[in-house]
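Close look at the chain arrangement
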Amino acid sequence: HTRWNCSSRGLGDVYKRQGEASADLHNLRGLLLIEEDDQVYALRSFKRAVEIEPSHLDANRNIAMIAIRFRDYVAAEQALESVIDSALVSTDVDAWIALGVAKRGLRKYEEAETAYRRALAVDGGDPRPWYNLGILVQEHVTANLEQGEDERENEDALIDSYELALEHYRTFVSRAGASKRWRAAVAEAKDRIVIVEDSIETIETMAGLRLEYEKILEQEQRQRAAQIEEWKRLEAEGVSVDELQEP
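What counts as what
- Residues numbered from 1 in each chain as written.
- Predicted model: local features only at pLDDT ≥ 70, side-chain atom pairs only at ≥ 80, totals over all residues.
- Heavy atoms only, no water.
- Helix = DSSP H or I, 4+ residues; strand = E, 2+ residues; numbered from the N terminus.
- Patch = residues over 30% accessible without salt bridge, like charges linked within 9 Å, V, L, I, M, F, W, Y side chains within 5 Å.
- Areas by Shrake-Rupley, 256 points an atom, 1.4 Å probe, with all protein chains shown as cover.
- Salt bridge = Lys/Arg side-chain N within 4 Å of Asp/Glu carboxyl O.
- Lys, Arg positive; Asp, Glu negative; His and termini not counted.
- Charge placed at Lys NZ, Arg CZ, Asp CG, Glu CD.
- Buried < 20%, exposed > 50% of the residue type's maximum accessible area, 1.4 Å probe, protein only.
- Core = buried A, V, L, I, M, F, W, Y, C linked by side-chain atoms within 4.5 Å.
- Contact = heavy atoms within 4.5 Å.
- Axes fitted to C-alpha atoms, helices over the stretch in contact; angles between N-to-C directions.
- Left-handed = near helix turned anticlockwise from the far one by under 90°.
- Nonpolar A, V, L, I, M, F, W, Y, C, P; charged D, E, K, R; others polar.
- Phe/Tyr/Trp six-rings, centres within 6.5 Å; stacked < 30°, edge-to-face > 60°.
- Parallel < 35°, antiparallel > 145°, perpendicular 65-115°, else oblique.
- Expected span 1.5 Å × (residues − 1).
- Arc of directions from axis to C-beta.

The next subject is the environment of Leu25. Checked against the element boundaries, Leu25 lands in helix H2 (residues 23-35). Sequence separation between Leu25 and Phe46 is 21 residues; the distance between their C-alpha atoms is 9.6 Å.

The structure is reproduced here in structure tokens:
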């Protein structure tokens, strides 16, 4: 029987025999390089596969996954969008989540949400999109809310956004359950829930203090206005305002 050398170096002889114009071989070499923890050369192999066959599904998905690790969101977005409409990739939850991460990294927040929700449409039992939706709202959407002139409206908008993030995180925790696969992510989600709850409490506390200050200020203004009116009345009766001032 023929024994295949399943290493990236062992593919060298195959290249020599079959030439380098095989997208599948370059994609396979990239996968083997990932196994050897050589992501830089793996990425080169995947890119070479796409040069030969631009619509190569696996190579494009693999480019995206590595590009996201390198925070090259432009490359990840381009790779995924080139194949996302194919029958195979359009039903791949991982591909939609990765596209959402790329969109989020490019600050295309509405498109990121759309991608995460497409992942849910593909597999509603996968809890990961909920976790990613929570991060999207907590760290990006909330931070980029437009601030108006009305402080109370701004505070209400912040609280509403944080509560939406809480809803996403709690849904993730509920659907992930006690599965060992999601244990670390569930622990992090619970930590995030505590942080968001603290943020809401802080906003509500600050809003309460602001309202109290506004009430005190309004009361002082009314008292000052009443005092001025009283002085005007006394002056009209011939009493000097200077006589009324404290020494």
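What follows continues from the structure just given.
Where like charges cluster on the molecular surface, the negative patch consists of Glu149, Asp150, Glu151, Glu153, Asp156, Asp160, Glu163, Asp198, Glu201 and Glu204. Those elements that place two or more of their residues in the negative patch are helix H9 (151-176) and helix H10 (183-236). Mapped onto the elements, Glu204 comes out in helix H10. For Glu204, a relative accessible area of 45% corresponds to the partly exposed category.

Right, let's get into the nonpolar core. Residues Tyr116, Tyr169 and Phe172 are the most contacted members of the largest nonpolar core, which totals 56 residues. Beyond its immediate chain neighbours, meaning those up to four positions away, Phe172 contacts Pro127, Arg128, Trp130, Tyr131, Trp182, Ala185, Val186 and Ala189.

Where H2 contacts helix H4 (residues 57-69), the axes come no closer than 10 Å and their chain directions differ by 30°. By crossing handedness, the relation of H2 to H4 is classed as left-handed. Counting all contacts with H2, which are made through Asn27, Leu31 and Ile34, the residues of H4 involved are Asp58, Ala59, Asn62 and Ile66. Partitioning the contact of H2 with H4 into residue classes produces 4 nonpolar, 2 polar and 1 charged.

The subject of this paragraph is the packing of aromatic side chains. Aromatic ring pairs are reported here in terms of the distance separating the ring centres and the angle at which the planes meet. If you walk through the whole model with that rule in mind, you get 2 aromatic pairs. Here Tyr131 and Tyr169 contribute two aromatic rings whose centre-to-centre distance is 6.0 Å and whose plane-to-plane angle is 55°, an arrangement assigned as tilted. You can see Tyr131 sitting in helix H8 (residues 128-141) and its partner Tyr169 sitting in helix H9, a full 38 residues away along the chain. Like Tyr169, Tyr131 is buried. When the centroid spacing of 5.1 Å and the interplanar angle of 50° are considered together, the rings of Tyr131 and Phe172 count as tilted. Pair noted here: Tyr131 is in helix H8 and Phe172 is in helix H9, with a separation of 41 residues, a long-range link.

Side chains of Val40, Tyr41 and Phe70 sit close together on the surface and give an oily, nonpolar patch of about 290 Å² of accessible area. Residue placement: Phe70 occurs in the loop between H4 and helix H5 (73-81). On the basis of relative accessible area, Phe70 is assigned to the partly exposed category, the value being 44%.

Once that is clear, we can look at the packing of helix H6 (residues 93-105) against H8. Running from N to C, H6 and H8 point in directions that differ by 5°, and their axes come no closer than 11 Å. Here H6 lies roughly parallel to H8, going by the angle between them. Residue-level contacts link Val93, Asp94, Ile97, Val101 and Arg104 of H6 to Arg128, Pro129, Asn132, Ile135, Leu136 and His140 of H8. Of the residues contributing to the contact of H6 with H8, the split by class is 6 nonpolar, 2 polar and 3 charged.

Given 3.6 residues per helical turn, the α-helix brings residues three or four places apart onto the same face. End to end, helix H3 (residues 39-52) covers 20 Å across 14 residues, agreeing with the expected 20 Å (1.5 Å per residue, within 8%). Here H3 has its buried residues at Gln39, Ala42, Leu43, Ser45, Phe46, Ala49 and Val50. Down the axis, H3 shows its buried residues gathered within 160° of arc, on one side only. H3 presents Arg44 and Glu51 as exposed residues on the side facing more than 90 degrees away from its buried surface. Buried residues along H3 sit against H2 and H4.

Across all of its chains, the model carries 13 salt bridges by this definition. Measuring nitrogen to oxygen at the nearest pair gives 2.7 Å for the salt bridge that ties Asp94 to Arg128. Of this pair, Asp94 sits in helix H6 while Arg128 sits in helix H8, and the two are 34 residues apart along the sequence. For Arg170, the salt bridge identified is with Glu197, shortest N-O distance 2.7 Å. In this pair, Arg170 sits in helix H9 while Glu197 sits in helix H10, placing the two residues 27 residues apart along the sequence. Bridged by salt links that share partners, the residues Glu77, Glu81, Lys103, Lys108 and Glu111 form one connected network.

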